[in-house]
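# Coordinate inspection notes
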Amino acid sequence: MASPNARRRQRSTRITVAVVLIMIASLVVLGALFGGSSLLIAVSAVVAVLLGAAATKITHSELLQSRRDAARDRADQARAYAVLTDERTTESKKFADTMTERIAARQKLIHELEGELALAQRKVAESTLKLGNESRRADQAEARLATESTRLEASESRAAEAIVLVAELEQQVTDLKVELAAWEDAATMPVRKHA
């Protein structure tokens with residue numbers, strides 16, 4: 001296929017040849033008119049008509065060639081657009097497939113993460129419940145410890161009081177034993193008569 005510049009040069013040459021033929025025909029007719037001979041005028045008229053016909057044929061063939069070239073260019077352009085459209089359609093399909101795969105992968109990842117999040121929330125809830133139970137047990141143990149400490153202090157206080165009371169009672173028992181021994185001694189001694 002000829003390049004557009006080659007076709008333009010060729011067209012220009014054809015048109016130039018047609019113009020030259022018409023100019024030659026005009027010059028021949030003018031020359032015959034100035035010559036004044038009727039045979040010369042008749043021959044020049046025939047030559048002018050033939051040259052005009054040749055110029056018309058050249059111009060017509062140029063017009064047909066131009067139309068064929070334009071049609072070929074449009075067909076080539078249409079094929080190029082069809083190929084480009086096919087390539088873009090293929091690229092679009094690949095892009096759509098890739099994006100669909102990515103979206104599916106992301107949705108799968110989101111689903112997995114949601115499952116892991118639910119599991120983690122369940123574990124946190126269980127841990128919070130266990131922590132609450134342990135905290136409640138610790139509070140109860142501290143309360144029992146405080147109660148037992150209070151009771152221990154009360155028991156120690158009563159024990160101390162009991163020890164003091166026992167010591168006092170032992171002292172009283174000792175005093176009573178001494179007093180009893182003194183009474184027994186006094187009872188066993190001969191009674192003296194007073195003078």
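Description of the structure in this document. Computed from a predicted structure; not experimentally measured.

### A few points about the nonpolar core
Generally speaking, soluble globular proteins have nonpolar side chains that are buried together. Listed in full, the six residues of the largest apolar core are A18, L21, A25, A48, L51 and A55. Of all the elements in the fold, those that place two or more residues in this core are α1 (4-35) and α2 (38-188). Every residue in contact with A18, bar those within four places of it in the chain, is listed here: A55, I58 and T59.

### A short note on the pattern of salt bridges
Per the stated rule, a full pass over the model turns up six salt bridges. Note that R14 and E62 form a salt bridge whose closest N and O atoms lie 3.3 Å from each other. Residue R14 is found in helix α1, and its partner E62 is found in helix α2; the two are separated by 48 residues along the sequence. Judged by its relative accessible area of 22%, R14 falls in the partly exposed class. For R151, the salt bridge is made with E148, and the minimal N-O distance between the two is 3.1 Å.

### Side note on the side chain of D69
With respect to the secondary-structure elements, D69 resides in helix α2. Residue D69 is classed as buried on the basis of its relative accessible area, which comes to 3%. One polar contact links D69 to R72, side chain to side chain, over a distance of 2.9 Å.

### Considerations on α2
Across its 151 residues, α2 extends 214 Å between first and last C-alpha, which sits within 8% of the 225 Å expected from 1.5 Å per residue. Turning to α2, its buried residues number three or more, namely S44, A48, L51, A55, E62 and D69. The N-cap of α2, judged by a side-chain oxygen 3.4 Å from the amide nitrogen of L39 a few residues on, is S37.

### Things to note about the environment of A45
Along the chain, the position of A45 falls in helix α2. On the basis of relative accessible area, A45 is assigned to the partly exposed category, the value being 39%. For A45 and Y81, which are 36 residues apart along the polypeptide, the C-alpha to C-alpha distance reads 53 Å.

Calculation criteria
- Residues numbered from 1 in each chain as written.
- Predicted model: local features only at pLDDT ≥ 70, side-chain atom pairs only at ≥ 80, totals over all residues.
- Heavy atoms only, no water.
- Core = buried A, V, L, I, M, F, W, Y, C linked by side-chain atoms within 4.5 Å.
- Buried < 20%, exposed > 50% of the residue type's maximum accessible area, 1.4 Å probe, protein only.
- Helix = DSSP H or I, 4+ residues; strand = E, 2+ residues; numbered from the N terminus.
- Contact = heavy atoms within 4.5 Å.
- Salt bridge = Lys/Arg side-chain N within 4 Å of Asp/Glu carboxyl O.
- Polar contact = N/O pair within 3.5 Å; in protein donor to acceptor, adjacent residues only side chain to side chain.
- Expected span 1.5 Å × (residues − 1).

Everything listed is a geometric property; what it means functionally is a separate question.
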